[in-house]
Amino acid sequence: MDDILEARDLRKLYHRGSEEIAALDGVSLDIKKGEFVSFVGPSGSGKTTLVNILGCLDNPSSGSLRLDGTEIFAAGRAWSEAELTRIRRRVFGYVFQRFHLVPTLTVRENVELPFAFHKKDGAADTDRLLADLGLDQRQDHLPGQLSGGEMQRVAVARALVNGPEILLADEPTGNLDSKRTGEVREVLLELSRKRGVTIVLVTHNPELAKAAQRVVELRDGKII
Ligand SMILES: Nc1ncnc2c1ncn2[C@@H]1O[C@H](COP(=O)(O)OP(=O)(O)OP(=O)(O)O)[C@@H](O)[C@H]1O
Ligand SMILES: [Mg+2]
């Protein structure tokens, strides 16, 4: 019973005109507390859809999800938006496939943005985090003054600033060269090994995927 996430028969249907697309087509999986899992699969296979549901950001069309034993989605019911917001802030750190940085805030302000809503005990030391991600020289810059790779590292730092129990990272190294990818890999491994953070990673990079304890492959909305 040390599963932190338990997904059963998740389906997500989208309608495009008269066509129905099953972005997820019956996905069941358990993720253990402290486990590092990566999701791989071709573009359109449902990785982002799945990770967004596991992260309580999106609801499934059917199926159920338990977080730490608590039912979040089941039989078409979900928690209220206010409750989901509380869970998202308390439990998760997110790195989105598109970084979603605030253009008018500096690097440091973007990284510390989660503190505006909630500063957790166990919040990271921002200076250390910026240094670990090679951003200490960039902390007063605006996102528009950064490279794609730097923006991506800001998004990683922001996801970690509140010391999340579960980190969801959708393509966190998609814009990074191999040296920077290696640095993000080290940050993830340290979080996993030393701090026991549960990590759910989506990546097209085989080297990065292999850092995980388990690699799950999706195709056409199913685990293969
Ligand atoms: N809001 C939406 N409306 C309609 N269809 C959608 C929507 N979001 C996703 N889809 C479709 O669902 C399927 C799965 O998409 P998803 O974004 O989960 O794939 P992915 O594996 O993350 O792909 P990528 O590697 O390109 O990021 C695709 O066919 C996509 O076109
Ligand atoms: Mg995606």
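A. Fine view of the site of ligand 1. Residues in contact with ligand 1 amount to 13 residues; listed here are only the nearest, Ser43, Gly44, Lys47, Thr48 and Thr49. In the model, an oxygen atom of ligand 1 is placed 2.9 Å from a nitrogen or oxygen of the arginine 16 side chain. Threonine 49 has a polar side-chain atom sitting 2.5 Å from an oxygen atom of ligand 1. Burial of ligand 1 by the protein amounts to 68% of the accessible area it has alone, namely 640 Å². Looking at the shell around ligand 1, the elements that each hand over two or more residues are β1 (3–16) and α1 (47–54). Looking at which element gives the most residues to the shell around ligand 1, the answer is α1, with three residues. In terms of residue class, the shell around ligand 1 is made up of three nonpolar, eight polar and two charged.

B. Looking closely at helix α6 (residues 148–160). If you check α6, its first and last C-alpha atoms are 19 Å apart, about what 13 residues at 1.5 Å a residue would give, namely 18 Å. For α6, the buried fraction is high: eleven of the 13 residues fall into the buried class. Among all positions in α6, only Gly149, Glu150, Gln152, Arg153, Val154, Ala155, Val156, Ala157, Arg158, Ala159 and Leu160 are buried. Those residues of α6 that are buried lie in contact with β7 (92–95), α3 (107–111), α4 (113–117), α5 (126–132), β8 (166–170) and α7 (178–195).

C. Structural detail: the layout of surface pockets. Each pocket or cavity is described by its volume, and for the largest pocket that value is around 480 Å³. What lines the largest pocket is a set of 18 residues, among which Arg88, Arg89, Tyr94, Pro114 and Phe117 lie closest to the centre. Going through the elements one at a time, α2 (81–91), β7, α4 and α6 are the ones with two or more residues in the lining of the largest pocket. Looking at the lining of the largest pocket residue by residue, the classes come out as nine nonpolar, five polar and four charged. When its volume is computed, the second largest pocket comes out at roughly 220 Å³. Residue lining of the second largest pocket: 14 residues in total, with Leu129, Asp132, Glu190, Leu191 and Arg195 positioned closest to the centre. Of all elements in the fold, only α5 and α7 reach the threshold of two or more residues within the lining of the second largest pocket. At five residues, the largest contribution of residues to the lining of the second largest pocket is made by α7. Residues belonging to the lining of the second largest pocket are distributed by class as follows: seven nonpolar, one polar and six charged.

D. Examining the side chain of threonine 173 more closely. Along the chain, the position of threonine 173 falls in the loop between β8 and α7. With residues up to four places along the chain from it excluded, the contact list for threonine 173 reads Gln152, Thr181, Val184, Thr203 and Leu208.

E. Local environment of the pattern of salt bridges. Using the criterion set out here, one finds 20 salt bridges in the structure. The partner of lysine 33 in a salt bridge is aspartate 68, and the shortest N-O contact between them spans 3.0 Å. Taken together, the residues lysine 33 in the loop between β2 (19–32) and β3 (36–40) and aspartate 68 in the loop between β4 (62–67) and β5 (70–74) connect sequence positions 35 residues apart. The class for lysine 33 is partly exposed, based on a relative accessible area of 46%. By relative accessible area, aspartate 68 is classed as partly exposed at 39%. Look at the salt bridges and you will find they share partners, linking Asp9, Arg11, Asp25 and Lys222 into a network.

Cut-off values and rules
- Residues numbered from 1 in each chain as written.
- Chains lettered and ligands numbered in written order.
- Predicted model: local features only at pLDDT ≥ 70, side-chain atom pairs only at ≥ 80, totals over all residues.
- Heavy atoms only, no water.
- Near = heavy atom within 4 Å.
- Polar contact = N/O pair within 3.5 Å; in protein donor to acceptor, adjacent residues only side chain to side chain.
- Areas by Shrake-Rupley, 256 points an atom, 1.4 Å probe, with all protein chains shown as cover.
- Helix = DSSP H or I, 4+ residues; strand = E, 2+ residues; numbered from the N terminus.
- Nonpolar A, V, L, I, M, F, W, Y, C, P; charged D, E, K, R; others polar.
- Expected span 1.5 Å × (residues − 1).
- Buried < 20%, exposed > 50% of the residue type's maximum accessible area, 1.4 Å probe, protein only.
- Contact = heavy atoms within 4.5 Å.
- 1 Å grid on protein atoms, 1.4 Å probe; cavity = no way out; pocket = protein on both sides within 12 Å on 5 of 7 lines; lining within 4 Å.
- Points joined across faces, edges and corners; volume = space filled by probe spheres on them.
- Salt bridge = Lys/Arg side-chain N within 4 Å of Asp/Glu carboxyl O.

Read these as spatial facts, not as claims about activity.
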